[in-house]
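Listed here are the chains, written in short residue letters.
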Amino acid sequence: MKLKKIATAGIPVLLTALFTVSCQNDDDTKSVMPQSAMLTVENVLQSQSLVQSGTFQGEGTPPVVFPGESVSISFYAAKGQALSFATMYGWSNDLFFAPENPGITLYTEDGTPIEGDVSQQIKLWDNGTRVNQAPGPDVEHPGEATSANITEISGMDAEGNSYLPASQLVNASLTYNGNSNFTLTLMNTSGGTQNETPISPGVWAISYIAGGNLLNPAPLYQEGQPTANGLTDIAETGNNAPLYEYIQGITGIFTPLSPILVVVYSGDENPFYKTGENDRGEGLKEIAQKGDASVLASALENKAGVKSVYILAQSQTTVLLPSINGQPGGSVSQEIMYESGDRIAIATMYGFSNDWFFATEGNGVAASYKGDISSSIKLYDDGTALDQYPGAGITQFNLAGTPLNESKPIEEVPNPNTYTTLPAVSNIIKATLN
């Protein structure tokens, strides 16, 4: 068989491309009855906007953080992501501490992790649901109800009560633990001041970042807007359960799929990879780390048994985005030509990872199969880059990082894994042949 490239285009990383190679017989006398099938690949993930979230509280009973005590939060983050949290100013009617949106800055412009005192980023806010009284241990709860938007308290509240800067009441310190992992320690330093107060159990959250923009830059509150989603329970009573229930519901997986590499071939071996063996150095690494299918597509042109190669990309976004805010996820379709006995294999990057890729397992699927082939697709670790929290890794290519090399055999990604629990593969990628 002689491979003839029907159409080529420059295929930059995750940019629009449709690259097709078809087969043509050298022997014009040989009669071949080609058949066709329509392959459709969809990103069916019902995505979430927060990559991580959690709670914190003091160690005693009640579980508040008294003056002189501290509490720590451990989390993962990439450049551009920020940590938001909320905790009650305990001896008040409805005040809470939180960093200004989108949260505490974690990296410098050049990607260096920030460490040390970040207290200046903490602010004191009025939830707007209770009339303020002079703060202190004798403040009445719940106090007189009111209805106002969330506002920052800078020295004095609307009723004329005075406050020290939040940074003098709560000290915040960042420690970088390596591999995109941070610890934020909050120390209650209000003891002996005019604003001495315990701080309540709280919640924290980190938004995904895509295309340089945070998907949820105000996950817990919005200045100038009414309180919502359970924040009132923290601000008025220190109860973090309702707000945590809300942010749990918007915390999960978000990932695009890179342009889809499709190969039609004959034989008993998957032309992309084999589990238990290292990456073959033919271009799968470029898919798994960067979403660039062009290198492996070129290498496959000269591989025995390969009949046709396609790279499928959505025309506007290139990548297949997941469902966002109820909008359907990305989808691509391509007519595939094949002969009796041919097989099909596909590969695409788990976009927010260091080197994970989806691919048909084993020796692909029969090209003549009709129906849903999603059950044949698994998620694999290419073993060529150090893993980090998916969607929160400083060296992840699609988060403007440079993957850190490693060399391990290709293996299926365990679920749950070191970092998170993933949805079933069929709830992320769907492929059908018709």
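Here, every reference points to the structure presented above.
The present account deals with the structure reproduced in this document. It should be emphasised that the depicted structure is a prediction, and the values quoted were computed from it without experimental measurement. (Residues numbered from 1 in each chain as written. Predicted model: local features only at pLDDT ≥ 70, side-chain atom pairs only at ≥ 80, totals over all residues. Heavy atoms only, no water.)

1. Focus on the nonpolar core
- Phe75 and Leu184 are the most contacted members of the largest nonpolar core, which has 73 residues in total.
- The residues contacting Phe75, other than those within four sequence positions of it, are Gln52, Leu83, Leu106, Leu174, Ser180, Asn181, Phe182, Leu184, Trp204 and Ile206.
- Ranked by size, the runner-up nonpolar core spans 22 residues in total, among them Leu261, Ala297, Ile311 and Ile410. (Core = buried A, V, L, I, M, F, W, Y, C linked by side-chain atoms within 4.5 Å. Buried < 20%, exposed > 50% of the residue type's maximum accessible area, 1.4 Å probe, protein only. Contact = heavy atoms within 4.5 Å.)

2. Thoughts on the packing of aromatic side chains
- One pass over the structure, following the stated rule, counts 20 aromatic pairs.
- Ring geometry for Phe75 and Trp204: centres 6.2 Å apart, planes at 50 degrees, overall tilted. Taken together, the residues span a long stretch of sequence, with Phe75 in strand β5 (residues 70-76) and Trp204 in strand β14 (residues 202-207) at a distance of 129 residues. The pair Phe75 / Trp204 is uniform in exposure class, with both members buried.
- Aromatic pair Phe96 and Tyr221: ring centres 5.7 Å apart, planes at 70 degrees, arrangement edge-to-face. Separated by 125 residues along the polypeptide, Phe96 in strand β7 (residues 95-99) and Tyr221 in the loop between β16 (213-214) and α1 (231-237) bring together distant segments of the chain.
- Aromatic ring contacts, followed pair by pair, group Phe75, Tyr107, Tyr176, Phe182 and Trp204 into a single cluster. (Phe/Tyr/Trp six-rings, centres within 6.5 Å; stacked < 30°, edge-to-face > 60°. Helix = DSSP H or I, 4+ residues; strand = E, 2+ residues; numbered from the N terminus.)

3. Some remarks on the sheet that holds strand β13 (residues 181-188)
- Pairing in this open sheet of 4 strands is antiparallel, and the strands run β5-β13-β12-β9 from one edge to the other. On the outer flanks of this sheet lie β5 and β9 (116-117), each paired with one strand and no other.
- Relative to β13, β5 runs antiparallel, the two sharing 7 bridges. Along β13, the bridge assignment pairs Ser70 with Met187. (Pairing = 2+ DSSP bridges.)

4. Observations regarding the environment of Ser162
- Mapping Ser162 onto the fold places it in the loop between β11 (151-152) and β12 (170-178).
- In this structure Ser162 comes out as partly exposed when scored by relative accessible area, which is 38%.
- Sequence spacing of Ser162 and Pro135 is 27 residues, and the spatial spacing of their C-alpha atoms is 8.8 Å.
- Sequence-distant contacts of Ser162, that is, excluding residues within four places in its chain, are made with Gly155, Met156, Gln194 and Asn195.

5. A look at the sheet that holds strand β3 (residues 35-43)
- Taken in spatial order, the 4 strands line up as β19-β3-β26-β23 in an open sheet, and their pairing is antiparallel. Only two strands of the sheet have a single partner each, and these edge strands are β19 (331-338) and β23 (371-372).
- Bridge count for β23 against strand β26 (residues 429-433) is 2 bridges, and the pairing is antiparallel. Note on β26: the bridge partner recorded for Asp372 is Thr432.

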